[in-house]
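The chain contents come next:
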Amino acid sequence: MKKALISGITGQDGSYLAELLHGKGYGVYGIVRRVALEDQANRMNRLAHLSDKIRLIPGCLETYPSLYKIFNQVQPDEIYHLAAQSYVSYSFEDEFSTLNTNINGTHFMLSAFKDLAPSAKFYFAASSEMFGKVHEVPQNESTPFHPRSAYGISKVAGFDLTRNYREAYGLFAVNGILYNHESERRGFEFVTRKISSHVAMIKYGLRDRLELGNLDAKRDWGHSKDYVRAMWMMLQQEKPDDFVICSEETHTVREFCERAFSIAGLDYRNYVVSKPEFYRPAEVDILLGNCSKAKKILGWRPEIGFDMLIEMMVKSDLERFKSK
Ligand code: GDD
């Protein structure tokens, strides 16, 4: 039985990836902070249905000895490094911890991989935020990076570390440059879930408005379930390489609002207000990817488009908030 080790298993992508790998017959191991194990009801909700099918190991990404023990114990065949401080907005409030966790965490993971499981395959969750103030539209694997936040900078560092471990030590280490991917399991602080949850709360009279920041920002949005499949496909290749994964469509936050509210029979213009305090000091105005390389080499294609994604998220939140 192949063994997969996932950091960030309690998050949206980690939970879908754990499901996918378990379904493929892998032994699935997740690194989780001890605090998550101690507060299972809240922090493990995305994994509740998998709890007897996967193994969770307490560990800390911020120290090498902790990872050393885990790698020694698990001896993984595939490593998916998803854990990070992943909220861009928060990275402006706390640049230091974002850089510390994201860069050192990736470095320690790569180092443990090299020392203890060098014949395994390693996936790093890079990000379209690395393109930041984009140099071209659409972006592909050759587009230069120009990050606009400590988060984006930390992902560029992780990308370079991963590529360098591949080139310097001949390891199978790849970067997935994933564009925004959402789902019914998305955290409530991200804009799509903030919108879908507010649509439901407004519908049931639990809220009367939705305060957002920049409604004109454009993002290339897909569904997490499609994107974790791409992660796995990257590790099934003969040769390690980096891939852009995206929907090849871009939409404004405003368009997302318009469609989400209309599913509940509401007009977003009556409820959405744009507030300066939700603007970022430096914004990424437009993200639009070109994933022809992934289509050609991996044979990957997204199955859930923009409209279906919004419908799934809003319907799920309408159900969730019905009885509140
Ligand atoms: N979160 C949030 N909250 N975003 C808002 C709001 C708001 O109230 N109002 C407008 N926005 C805009 C942001 O300014 C941004 O332009 C856009 O909505 C999307 O914001 P997020 O959903 O927070 O995602 P993100 O694009 O910053 O980052 C996500 O995608 C990256 C890949 O491109 C995260 O998942 C990152 O971890 C990921 O790497």
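Participant: Break down the packing of helix H10 (residues 253-263) against helix H12 (residues 306-321) for me, citing the residues and quoting the values.
Facilitator: The geometry of a pair of packed helices is captured by two quantities: the angle between their axes and the separation between those axes. Between H10 and H12, the shortest axis-to-axis distance is 9 Å and the interhelical angle comes to 50 degrees. In this view, H10 runs oblique relative to H12, as classed from their interaxial angle. Crossing of H10 over H12 shows right-handed handedness. Contacts from Phe256, Arg259, Ala260 and Ile263 in H10 reach Phe306, Asp307, Ile310, Glu311, Met313 and Val314 in H12. The residue makeup of the contact of H10 with H12, split by class, is seven nonpolar, no polar and three charged.

Participant: Give me the packing of aromatic side chains: which residues, what numbers.
Facilitator: Two descriptors summarise a pair of aromatic rings, namely the distance from one centre to the other and the angle between the planes of the rings. Inspection of the entire model under this criterion finds 13 aromatic pairs. Measuring from ring centre to ring centre gives 6.2 Å for Tyr80 and Tyr123, while their planes differ by 40 degrees; the resulting arrangement is tilted. Note that Tyr80 is positioned in strand E4 (residues 78-81) and Tyr123 in strand E5 (residues 121-127), a separation of 43 residues in sequence. Taking the relative accessible area as the measure of exposure, Tyr123 reaches 0% and is therefore buried. The residue whose ring lies beneath Lys24 is Trp232, and the NZ or CZ to ring-centre distance is 3.9 Å. Between the NZ or CZ atom of Arg320 and the centre of the ring of Phe321, over which it lies, the distance is 5.9 Å.

Participant: Help me get a handle on the site of the ligand, residues and values and all.
Facilitator: Neighbouring the ligand are 23 residues, the closest being Ser127, Ser128, Tyr151, Arg280 and Glu283. One nitrogen or oxygen atom from the side chain of Tyr151 is found 2.5 Å from an oxygen atom belonging to the ligand. Within the side chain of Lys194, an N or O atom sits 2.7 Å from an oxygen atom of the ligand. When the ligand sits alone it has 720 Å² of accessible area, and the protein chains cover 96% of it. In the shell around the ligand, the residues fall into ten nonpolar, six polar and seven charged.

Participant: Help me get a handle on the domain arrangement of the protein chain, residues and values and all.
Facilitator: When the domains of the protein chain are assigned, the result is domain 1 (3-181 + 221-245) and domain 2 (187-219 + 249-286 + 306-320). If you average the C-alpha positions of domain 1 and of domain 2, the two centres end up 27 Å apart. Between domain 1 and domain 2, the contact holds 16 residues from the first and 20 residues from the second. Roughly 1,600 Å² is buried in total at the junction of domain 1 and domain 2, and carbon and sulfur atoms are behind 65% of that figure. For the domain 1 face of the interface with domain 2, the top three residues by lost area are Tyr87, Arg148 and Trp221, together amounting to 47%. Here domain 1 and domain 2 share one salt bridge between them.

Participant: I'd like to hear about the side chain of Glu283, residue by residue, with values.
Facilitator: As for its placement among the helices and strands, Glu283 is situated in the loop between strand E13 (272-274) and helix H11 (292-298). Since its relative accessible area comes to 15%, Glu283 is described here as buried. There is a polar contact of 3.2 Å between the side chain of Glu283 and the side chain of Asn214. A polar side-chain atom of Glu283 sits 3.5 Å from a polar atom in the side chain of Arg219. Not counting the four nearest positions on each side in its chain, Glu283 is found in contact with Arg148, Asn214, Ala217 and Arg219.

Participant: Could you give me a rundown of the packing of helix H8 (residues 191-203) against H12, with the residues and numbers involved?
Facilitator: The N-to-C vectors of H8 and H12 enclose an angle of 45 degrees; their axes lie 8 Å apart at closest approach. On the basis of the axis angle, H8 is oblique to H12. Here H8 runs over H12; the crossing is right-handed. Across from Thr192, Arg193, Ser196, Ser197, Val199, Ala200, Met201 and Lys203 in H8, the residues of H12 making contact are Met313, Val314, Asp317, Leu318, Arg320 and Phe321. The residue makeup of the contact of H8 with H12, split by class, is seven nonpolar, three polar and four charged.

Participant: Quick rundown of helix H6 (residues 95-116)? Include the residues and the values.
Facilitator: Along its 22 residues, H6 runs 31 Å from first to last C-alpha, staying within 8% of the 32 Å computed at 1.5 Å per residue. What H6 keeps buried is the set Thr98, Asn102, Gly105, Thr106, Met109, Leu110, Ser111, Ala112, Phe113 and Leu116.

Participant: Give a detailed account of the pattern of salt bridges, specifying residues and quantitative values.
Facilitator: Applying the stated criterion to the full structure yields 22 salt bridges. Here Glu129 and Arg219 are joined by a salt bridge, their closest N and O atoms 3.7 Å apart. With a gap of 90 residues between them, Glu129 in the loop between E5 and helix H7 (150-169) and Arg219 in strand E9 (residues 218-219) connect regions that are remote in the sequence.

Participant: Describe in detail the sheet that holds strand E1 (residues 3-7), supporting the description with residues and values.
Facilitator: Taken in spatial order, the seven strands line up as E3-E2-E1-E4-E5-E6-E11 in an open sheet, and their pairing is parallel. Edge positions in the sheet fall to strand E3 (55-58) and strand E11 (243-245), since each has one partner strand and no second. Here the strands of the sheet are splayed against their neighbours by 25 degrees on average, with no regard to which way each runs. As defined by bridge partners, E4 adjoins E5 across four bridges and the pair is classed as parallel. Within E5, the residue paired with His81 across the bridge is Phe124. Sheet strands touched by helix H9 (residues 224-235): E4, E5, strand E6 (172-178) and E11. Its angle to E6, the strand with the most contacts, is close to 155 degrees.

Thresholds applied
- Residues numbered from 1 in each chain as written.
- Predicted model: local features only at pLDDT ≥ 70, side-chain atom pairs only at ≥ 80, totals over all residues.
- Heavy atoms only, no water.
- Axes fitted to C-alpha atoms, helices over the stretch in contact; angles between N-to-C directions.
- Helix = DSSP H or I, 4+ residues; strand = E, 2+ residues; numbered from the N terminus.
- Parallel < 35°, antiparallel > 145°, perpendicular 65-115°, else oblique.
- Left-handed = near helix turned anticlockwise from the far one by under 90°.
- Contact = heavy atoms within 4.5 Å.
- Nonpolar A, V, L, I, M, F, W, Y, C, P; charged D, E, K, R; others polar.
- Phe/Tyr/Trp six-rings, centres within 6.5 Å; stacked < 30°, edge-to-face > 60°.
- Buried < 20%, exposed > 50% of the residue type's maximum accessible area, 1.4 Å probe, protein only.
- Lys NZ or Arg CZ within 6 Å of the ring centre and 35° of its normal.
- Near = heavy atom within 4 Å.
- Polar contact = N/O pair within 3.5 Å; in protein donor to acceptor, adjacent residues only side chain to side chain.
- Areas by Shrake-Rupley, 256 points an atom, 1.4 Å probe, with all protein chains shown as cover.
- Domains from an automatic or database assignment.
- Buried area = accessible area lost by both parts, 1.4 Å probe.
- Salt bridge = Lys/Arg side-chain N within 4 Å of Asp/Glu carboxyl O.
- Expected span 1.5 Å × (residues − 1).
- Pairing = 2+ DSSP bridges.

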